Amino acid sequence: MRKAFLKVMNNKKKIKTLVYLDYDKGRDVEILIPLLYYGEKYLNLEIEKAFIFDIDKIRRKKPDLVILANTIGSKNHHYIAKYAHENGIKVFALISEGNFRTNGTFNYWGYNTDKKFHQEYVCFWSKRTKEFMEKELPQYKHKFVLTGATGFDRYKIYEFETKESFLKRYNLTQYKKVIGYAGWGFGKLYNPTGLMEIRNTHKEKAEERIKWMKQQQKLVENILRQAIENNPNTLFILKRHPNEIHPHLVQKDNNEMVNLAGYPNVLYLRNEEDVHTLISVSDIWLAFESTTVIETWMMKDMPTIFINPDPDFVRDINYKGVVIAKSYEKLQSLIDEYYTTGKVQEMYSPEKIQARKEIFEYVIGFPDGYNHIRAGYYLTKTIKKIQEESNNREKIKLNPLYFTRHILTTIGKHFYNKTIFLKLPKFKKTVWVFERQDLKNFESLKQKYYKYLDNFHKKNNIPEKIKSEEFFEQILKNPAK
């Protein structure tokens, strides 16, 4: 690998790369930017952003490589990977939601209706999920690799906004106490795509699950309502789950938080802020169930609490590392304990401390900030294949659907008016395309994060370490010391 890496690094020819995004911030951007940094800094990638709806850009730009956050999260993700692969273009993809269940209930193909992997590697967050998939699909074992969750690297690398700065931005400086809440997928109950996902996952038990979800939604809302009403001097930041509803659906939110948005001490957010900012500015982090508690543990030492009126359900193991509040009374006692003593003692039991250590490995693989370097190892191998092959990418087949999309969005942006489009049934589903397609904030965010990554790589002597095969052998098996 050392010779291969040096060959790739010393090759001065740029690798034309299209990076597909569905938004200029949020989960998928956070997953990809550390990997893009590695590719630009060490592997001669020439990166150009592409909006996920503009699949025809592959034909127009004829890249050497396409990079995606995942290949199964939507029809467009699948279409991009398939179109690139069919035209001889290498696809390197990560995985956006890698903490999936290995009990047979998770649909690991998602929107990949072909049930074929079009990317070079399938990158898993954890040894647990990789081994599960090796048993499920042994014919693809050669593609399965363990990289860890790249999106979690930022908690070891970046600097985050302070509470004071955040409150000033929102003109909420009257609050000194801040409690954050990460929304769950209750909103899926109220849109056709979400309901389909629930039914596909739970099959014959779907109706029972739907009834249970509706009950839990109301109970959680009531507990939050009491906490908000009885702590008027505390700001509650309520963050909608990013996958509660697909972006083309423009209906009003319906979840456990939206009815609480009118309280003066509530800030209800949809996509306006990244979750890492909200964790950074909060004193206590709440959820019904969420991997954001893992992000919290990586960032700083503060209470993480699950509001679970019914804690007995099939769930991820994250609950073992948090404190459970079944009722408002329990939640209020934990809030009082923290603001009186500066900590929630239950968080520090030997069982919960050990559980959090085990959860890191079980869920995200490695909590050391090196996951983008692990993914970079396999990206290097992909680029080596590109350099060794002589595929003619000048002959990319025109796809009528993708070409029509390109023409319509190019013309349509000159006539786009959000207010008017939202009133027209056939046009309102395109609002998300016109609102997001420029990805205007992506470059500035990338440059901001690259500064943090520069410092991290310099501090840890990464430019020299990656020339050593022994270095990769070590970090691919164990967390970096």
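Going by the structure above, here's the rest.
None of the values given here were measured: they were computed from a predicted structure.

What counts, and at which threshold
Residues numbered from 1 in each chain as written. Predicted model: local features only at pLDDT ≥ 70, side-chain atom pairs only at ≥ 80, totals over all residues. Heavy atoms only, no water. Phe/Tyr/Trp six-rings, centres within 6.5 Å; stacked < 30°, edge-to-face > 60°. Helix = DSSP H or I, 4+ residues; strand = E, 2+ residues; numbered from the N terminus. Buried < 20%, exposed > 50% of the residue type's maximum accessible area, 1.4 Å probe, protein only. Lys NZ or Arg CZ within 6 Å of the ring centre and 35° of its normal. Salt bridge = Lys/Arg side-chain N within 4 Å of Asp/Glu carboxyl O. Pairing = 2+ DSSP bridges. Right-handed = clockwise from strand over helix to strand, strands pointing away. Axes fitted to C-alpha atoms, helices over the stretch in contact; angles between N-to-C directions. Parallel < 35°, antiparallel > 145°, perpendicular 65-115°, else oblique. Left-handed = near helix turned anticlockwise from the far one by under 90°. Contact = heavy atoms within 4.5 Å. Nonpolar A, V, L, I, M, F, W, Y, C, P; charged D, E, K, R; others polar. Patch = residues over 30% accessible without salt bridge, like charges linked within 9 Å, V, L, I, M, F, W, Y side chains within 5 Å. Areas by Shrake-Rupley, 256 points an atom, 1.4 Å probe, with all protein chains shown as cover.

## As for the packing of aromatic side chains
Part 1: One pass over the structure, following the stated rule, counts 41 aromatic pairs.
Part 2: Ring plane angle 85 degrees and centroid distance 6.4 Å describe the contact between Trp 184 and Trp 212, whose orientation is recorded as edge-to-face. Highlighted residues: Trp 184 in the loop between strand 7 (177-182) and helix 8 (192-202) and Trp 212 in helix 9 (residues 206-230), separated in sequence by 28 residues. For the pair formed by Trp 184 and Trp 212, the shared burial category is buried.
Part 3: Here the guanidinium or amino end of Lys 177 rests over the ring plane of Tyr 339, the centre of that ring lying 4.8 Å away.
Part 4: For the cation-ring pair, Arg 436 lies above Tyr 23, with the distance from its terminal atom to the ring centre recorded as 4.1 Å.

## So, the pattern of salt bridges
Part 1: Under the defined criterion, the tally for this structure stands at 31 salt bridges.
Part 2: For Asp 28, the salt bridge goes to Arg 27, with nearest N and O atoms at 3.1 Å.
Part 3: With a closest N to O distance of 3.7 Å, Glu 30 and Arg 154 form a salt bridge. Of this pair, Glu 30 sits in helix 2 (residues 27-42) while Arg 154 sits in helix 6 (residues 154-157); the two residues are 124 residues apart in sequence, bridging distant segments of the chain. The two residues Glu 30 and Arg 154 agree in class, both being buried.
Part 4: Several salt bridges share partner residues, and in doing so they unite Asp 54, Asp 56, Arg 59 and Arg 60 into one network.

## Some words on the pairing of strand 4 (residues 90-93)
Part 1: In strand 4, alternate side chains face the same way, and those of Lys 90 and Phe 92 on one face and Val 91 and Ala 93 on the other are all buried.
Part 2: Pairing of strand 3 (residues 65-68) with strand 4 involves four bridges; the strand directions are parallel. Paired with Val 66 across the strands is Val 91, a residue of strand 4.
Part 3: Once you follow strand 3 into helix 4 (residues 75-86) and on to strand 4, the crossover reads as right-handed.

## Considerations on the pairing of strand 7
Within a regular strand, side chains alternate between the sheet's two faces.
Part 1: The element strand 7 is extensively covered by neighbouring structure, given that five of its six residues are classed as buried.
Part 2: In this structure, strand 7 lies alongside strand 8 (residues 234-239), joined through six bridges in parallel fashion. The partner of Lys 177 across the bridge, within strand 8, is Thr 234.
Part 3: Looking at chain direction, strand 7 and strand 10 (residues 284-287) are connected through four bridges and run parallel. Each residue of the ladder has a partner; that of Ala 182, found in strand 10, is Ala 287.

## Quick look at the packing of helix 11 (residues 292-299) against helix 13 (residues 350-364)
Part 1: Direction vectors running N to C along helix 11 and helix 13 enclose 120 degrees, while the axes themselves pass 11 Å from each other. In terms of orientation, helix 11 and helix 13 fall into the oblique class. Crossing handedness for the pair helix 11 and helix 13: left-handed. Touching Ile 294, Trp 297 and Met 298 of helix 11 are Arg 356, Ile 359, Phe 360, Val 363 and Ile 364, all from helix 13.
Part 2: Of the residues assigned to the contact of helix 11 with helix 13, the class counts are seven nonpolar, no polar and one charged.

## Things to note about a nonpolar patch on the surface
Part 1: On the surface, Ile 407, Ile 411 and Phe 415 cluster together to form a nonpolar patch covering roughly 310 Å² of accessible area.
Part 2: The exposed category is assigned to Phe 415, whose relative accessible area is 62%.

## Here we look at the environment of His 457
Part 1: Its location among the elements puts His 457 in helix 18 (residues 442-459).
Part 2: When the C-alpha positions of His 457 and Tyr 38 are compared, they lie 9.7 Å apart, and in sequence the two are 419 residues distant.

## Points about the packing of helix 9 against helix 12 (residues 328-341)
Part 1: In contact at an axis separation of 9 Å, helix 9 and helix 12 are set at 40 degrees when each is read in the N-to-C sense. Classified by the interaxial angle, the pair formed by helix 9 and helix 12 is oblique. When the axes of helix 9 and helix 12 are compared, the crossing they make is right-handed. When helix 9 is examined against helix 12, the residues Ile 223, Gln 226, Ala 227 and Asn 230 are found in contact with a partner set consisting of Tyr 328, Leu 331 and Gln 332.
Part 2: Looking at the contact of helix 9 with helix 12 residue by residue, the classes come out as four nonpolar, three polar and no charged.

## Digging into helix 5 (residues 127-136)
Part 1: Of the positions making up helix 5, those classed as buried are Arg 128, Thr 129, Lys 130, Phe 132, Met 133 and Glu 134.
Part 2: Contacts made by the buried residues of helix 5 are with strand 5 (122-124), strand 6 (144-146) and helix 13.

## Comments concerning the sheet that holds strand 11 (residues 304-307)
Part 1: Pairing is parallel across the open sheet formed by six strands, whose spatial order is 9-8-7-10-11-12. Each edge of the open sheet carries a strand with a single partner, namely strand 9 (266-269) and strand 12 (323-325). Strand-to-strand, the axes of this sheet are offset by a mean angle of 25 degrees, without reference to chain direction.
Part 2: Pairing geometry for strand 11 and strand 12, over three bridges, is parallel. Counterpart to Ile 307 in the pairing with strand 12 is Ala 325.
Part 3: The sheet contacts of helix 11 involve strand 7, strand 10 and strand 11, and relative to strand 11 the element is tilted by about 165 degrees.

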